[in-house]
Amino acid sequence: MKASITWERGARPGAKETIMGAGQAMTRRWRRKPSETRKYLWVGTLEGFPAIMLFQLLGGPFLTGYLLHLGASAEEIGFVLAVTTLVNVAQIGMAVVMQKLRNRRMTLLLLGGMHRVLWAATGLVPLVAPKSAWVPLFIVLYTMAFLANAGGGVVWASLISDMVPASLRARYFGIRNTLLWGLGSAALYAGGQILKHSPGDGGFHLLYIVSGVCVVLNIVAFWFYPNLPFEPSAEANPLKMIRKPFHDAQFVRAIVFLSVWLFVQGIAVPFFSFVMLKVMHLDYETVAVLTMVQNLAMMAGYYVWGRLNARFPTKTLLFWTLPFIAVCCLVWGGAVWLPAAAVLALVHVLLGIGTGGFNQLAFNFITGDTPKSERPMYIAAYNALTGFAAFLGPMAGGAVYKWLGDAPLWTQQFGVSLAAGAVLLALALLPGRRVFREPKAASGRAAANGANKTKRGMDA
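All figures in this text were calculated on a predicted structure; none of them were measured in a lab.

(A) Summary view of the overall build of the protein. The helix and strand inventory of the protein stands at 21 helices and 0 strands. Across the 460 residues of the protein, 52% fall into the buried class. Of all intrachain contacts in the protein linking residues separated by at least 6 positions in sequence, the fraction that spans at least 24 positions is 85%. Accessible area of the protein: about 21,600 Å², with a carbon and sulfur share of 67%.

Here it is, written out as structure tokens:
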């Protein structure tokens, strides 16, 4: 009886048939033509891989180390660290010019390519100029590179926000940034090993050779971006177009507060590598490992903040990133009682969580909470004002560290960071709470909309 039933129902498939069935299903899935949105997400992610390697190998502690190798002073290092934000003022002009451009991909390819090539060209400075001209020539090339990057940045932000649907934006950038900073951490560790085993000219030459390969790959990747239709501003008059973001009271309050915040932050945070290398006399490998710890914390932060942003309002979460940055400055004071290694590790973990969330949520704020047709000008206005403040901060910080040159060592080691952290914490807890406060009804609607967006994104 059992045999007849088994014969009538058909024999159950064995392990071989099950595996073959699963393989065929997977093959059909691979052969299925991906949607346009999925292709855009892959392009935006893959392009970031050579870009993050370039930024890690030529920026961060290696930028400070290279400038010290060229003979730069604290003030000159402060200017270099600050100029990347000062040139963002040019984004206002770029946002106006964009209204006449229809091929954003070619504009991005041109400006992004110029930035990568000019930045990599700073590695040729010791080979083509006398020693007395090394630092000035580096500053000229570096400034030109980031001026091109400022123009390309507003084009990229406008294009990527059109490529990524609003329902997927928070989660996508959380995952994308996590992947990129994972690779960035590996590049940072590799760079530290290169400088450890080949200190001086040889090590920096190797860093620039690898960076040159990344430049080529990054320029090729720009070509695969889509040239999506551009929705121009409703204002034909450039002056009215520029004034439009400044008529948005909520937006203005946010960027004024963030400008003050970035000025105070810029006095201390950009000089963490300078303090570790020049004041505490740590080696490049140790600084690279600590920066890698920061990047790993930033990776986790990107993912967690991205998931939270699918449920909670952007402004609320942006506020909650501020105490992390303030406390990371205050923790420097723990070097008086605790081992320096433990203090520095905690500093970089808090900094990674805070800055990762801050950067991602600020981007989501200016791309998601602003009208699409005016988005380039909102992006430009935000970057111009906060960029100018972030320029003044490191300039002031460089002057402070120079002024403290003959002061007790603790003032440079943790005194400046401790003072900046106290001011930042006061800013976060007093005016910051009012600026980023969400009305209860609006907060509830935003959370509900975030949940709906997440569901729609998962369904897609």
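(B) Expanded view of the packing of aromatic side chains. Counted under the stated rule, the structure contains 25 aromatic pairs. Their ring planes at 40° and their centres at 5.9 Å tell us that tryptophan 156 and phenylalanine 363 sit as a pair that is tilted. Taken as a pair, tryptophan 156 in helix α9 (residues 134-163) and phenylalanine 363 in helix α17 (residues 340-368) lie far apart in primary sequence, 207 residues in all. Here phenylalanine 363 falls in the buried class, since its relative accessible area comes to 16%.

(C) Geometry of the confidence of the model for the protein. Of all residues in the protein, 87% attain a pLDDT of 70 or more, and the chain-wide mean is 83. Within the protein, the element-level pLDDT minimum falls on helix α1 (residues 2-9), averaging 41, and the maximum on helix α7 (residues 104-121), averaging 95. Counting contacts from residues 441-460, a segment whose pLDDT is below 50, to residues more than four positions away or on other chains yields 15 contacts.

(D) Region of the structure containing the side chain of threonine 386. For threonine 386, the location among the structural elements is in helix α18 (residues 375-403). Reaching out from threonine 386, the side chain makes a polar contact with the backbone oxygen of tyrosine 382 at a distance of 2.6 Å.

(E) Spotlight on the nonpolar core. If you look at the biggest cluster of nonpolar residues, it comprises 120 residues, and the most contacted ones within it are Phe138, Tyr225, Trp261, Trp332, Phe358 and Phe436. When residues in this core are grouped by element, the largest group, 16 residues, is from α9. Not counting the four nearest positions on each side in its chain, phenylalanine 138 is found in contact with Leu63, Tyr66, Leu67, Leu70, Val80, Thr122, Val125 and Tyr208. With 7 residues, the next largest nonpolar core counts Ile92, Ala95, Met377 and Ala380 among its residues.

(F) Focus on helix α3 (residues 36-58). For α3, with 23 residues, the first-to-last C-alpha span of 34 Å sits near the 33 Å given by 1.5 Å per residue. Its maximal kink placed at phenylalanine 49, α3 deviates by approximately 30°, while the proline proline 50 follows within four residues. In the stretch just after α3, glycine 60 is the one whose phi turns positive, near 60°.

(G) Quick look at the environment of serine 158. Assignment of secondary structure puts serine 158 in helix α9. Sequence spacing of serine 158 and proline 376 is 218 residues, and the spatial spacing of their C-alpha atoms is 6.0 Å. Those residues in contact with serine 158 that sit more than four places away from it in its chain are Met98, Arg104, Phe230, Pro376 and Ile379. A polar side-chain atom of serine 158 sits 2.8 Å from a polar atom in the side chain of arginine 104.

(H) Spatial organisation of the environment of isoleucine 52. The residue isoleucine 52 is located in helix α3 in this model. Residue classification places isoleucine 52 among the buried residues on the basis of a relative accessible area of 9%. Sequence separation between isoleucine 52 and tryptophan 181 is 129 residues; the distance between their C-alpha atoms is 7.2 Å. Beyond its immediate sequence surroundings of up to four residues, isoleucine 52 is in contact with Leu180, Trp181, Leu183 and Gly184.

(I) The arrangement of the side chain of arginine 116 in detail. Looking at the secondary structure, you find arginine 116 in helix α7. A relative accessible area of 6% means that arginine 116 is categorised as buried.

(J) Expanded view of the pattern of salt bridges. Taken as a whole and assessed by the stated rule, the structure comprises 6 salt bridges. Across the salt bridge formed by arginine 104 and aspartate 162, the nearest N and O atoms sit 3.0 Å from each other. With arginine 104 in helix α7 and aspartate 162 in helix α9, this pair connects stretches of sequence that are 58 residues apart. Notably, a salt bridge pairs glutamate 374 with lysine 244, separated by 3.7 Å at the nearest N-O pair. Of the two residues, glutamate 374 sits in the loop between α17 and α18 while lysine 244 sits in the loop between α12 (238-243) and α13 (249-268), which places them 130 residues apart along the sequence. What makes glutamate 374 buried here is its relative accessible area of 3%.

(K) Just the packing of helix α15 (residues 284-309) against α17, in detail. Orientation of α15 relative to α17, taken along the N-to-C sense of each, is 40°, at an axis distance of 7 Å. Here α17 runs oblique to α15, going by the angle between their axes. As α15 packs across α17, the resulting crossing turns out to be right-handed. Among the residues making up the contact of α15 with α17, the classes are represented as 12 nonpolar, 11 polar and no charged.

How each quantity is defined
- Residues numbered from 1 in each chain as written.
- Predicted model: local features only at pLDDT ≥ 70, side-chain atom pairs only at ≥ 80, totals over all residues.
- Heavy atoms only, no water.
- Helix = DSSP H or I, 4+ residues; strand = E, 2+ residues; numbered from the N terminus.
- Buried < 20%, exposed > 50% of the residue type's maximum accessible area, 1.4 Å probe, protein only.
- Contact = heavy atoms within 4.5 Å.
- Areas by Shrake-Rupley, 256 points an atom, 1.4 Å probe, with all protein chains shown as cover.
- Phe/Tyr/Trp six-rings, centres within 6.5 Å; stacked < 30°, edge-to-face > 60°.
- pLDDT = per-residue confidence, 0-100.
- Polar contact = N/O pair within 3.5 Å; in protein donor to acceptor, adjacent residues only side chain to side chain.
- Core = buried A, V, L, I, M, F, W, Y, C linked by side-chain atoms within 4.5 Å.
- Expected span 1.5 Å × (residues − 1).
- Bend = angle between axes of the 7 residues up to and from the residue.
- Salt bridge = Lys/Arg side-chain N within 4 Å of Asp/Glu carboxyl O.
- Axes fitted to C-alpha atoms, helices over the stretch in contact; angles between N-to-C directions.
- Parallel < 35°, antiparallel > 145°, perpendicular 65-115°, else oblique.
- Left-handed = near helix turned anticlockwise from the far one by under 90°.
- Nonpolar A, V, L, I, M, F, W, Y, C, P; charged D, E, K, R; others polar.

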